[in-house]
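# Coordinate analysis (summary)
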Amino acid sequence: MIGSSPTPRRIGILGGTFDPVHIGHLRGALEMVEQFALDELRLIPAARPPHRDQPQTSAEDRLAMVRSAVAGVAPLTVDDRELKRDKPSYTIDTLESLRAEVAAHDQLFLILGWDAFCGLPGWHRWSELLEHCHILVLQRPDADSEPSQELRDLLAARSISDPQALDGPGGKIAIVWQTPLQVSATQIRQLLASGRSVRYLVPDAVLAYIQAHGLYPASH
């Protein structure tokens, strides 16, 4: 049958330890869904992040918290593929497995903070990432990391000034200005360790899970 091909699906990918997931993650994710008309944004908890300290809580607890946080919020979904792998959570492996599951013309958008982007040359097979996706780099007004010459060259070759003009399944980089909520998982863990409340910094369902399972106990 001759006709137009199906409209490509637009899928965002946001990885992290989510230890715990908080309103900064979730509000930022929803803003990306709306700004880029994403059909779906997948939150992908990392099992053993190669470039960060190991999470304080188990993979099972972090996965359960993310699932409870996004329940009923249609465009936000949870993808547990990295937790099923018995090796460090390399983004290139995740992208390759995702790309194998979606249509060739579907668009994947890997969402990275500016600091993570500046560390990209230390990532496993980092130069292959753009073969599978576009990269959306969240730049914030107070960011102070400096990109390496390698990254400056990559930006010169692959970045586009209008993020809305990203087309095709991958290959481009767009800088997206976003003023994030001043919330961090580290801050939340510190508050809990000192016996203070984190209500309104995490969704109620996540707070209930933390309390029910005795996560991040106060230190005496």
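Above this note sits the structure.
Keep in mind that what you see is a predicted model, and the values were worked out from it rather than measured.

### With respect to the side chain of Gln107
Inspection of the secondary structure assignment puts Gln107 in strand S4 (residues 107-113). At 3.3 Å, the side chain of Gln107 forms a polar contact with the backbone oxygen of Leu166. If we ignore the near neighbours within four places in the chain, the residues touching Gln107 are Arg9, Arg10, Ile11, Arg99, His134, Leu166, Asp167, Gly168 and Pro169.

### Considering unusual backbone geometry
In the segment running from Asp19 into Pro20, the intervening peptide bond is cis, with an omega of 0 degrees. With respect to the helices and strands, the residue Pro20 is situated in the loop between strand S1 (10-16) and helix H1 (23-36). A positive phi angle is found at Tyr200, which is not glycine, with a value near 75 degrees. Here Tyr200 lies in the loop between helix H6 (185-193) and helix H7 (204-213). Classification of Tyr200 as exposed rests on a relative accessible area of 66%. Here Tyr216, not a glycine, exhibits a phi torsion of approximately 50 degrees, which is positive. With respect to the helices and strands, Tyr216 occurs in the segment after H7.

Cut-offs used in this document
- Residues numbered from 1 in each chain as written.
- Predicted model: local features only at pLDDT ≥ 70, side-chain atom pairs only at ≥ 80, totals over all residues.
- Heavy atoms only, no water.
- Helix = DSSP H or I, 4+ residues; strand = E, 2+ residues; numbered from the N terminus.
- Polar contact = N/O pair within 3.5 Å; in protein donor to acceptor, adjacent residues only side chain to side chain.
- Contact = heavy atoms within 4.5 Å.
- Buried < 20%, exposed > 50% of the residue type's maximum accessible area, 1.4 Å probe, protein only.

Remember that the coordinates give geometry; whether it matters functionally is a separate question.
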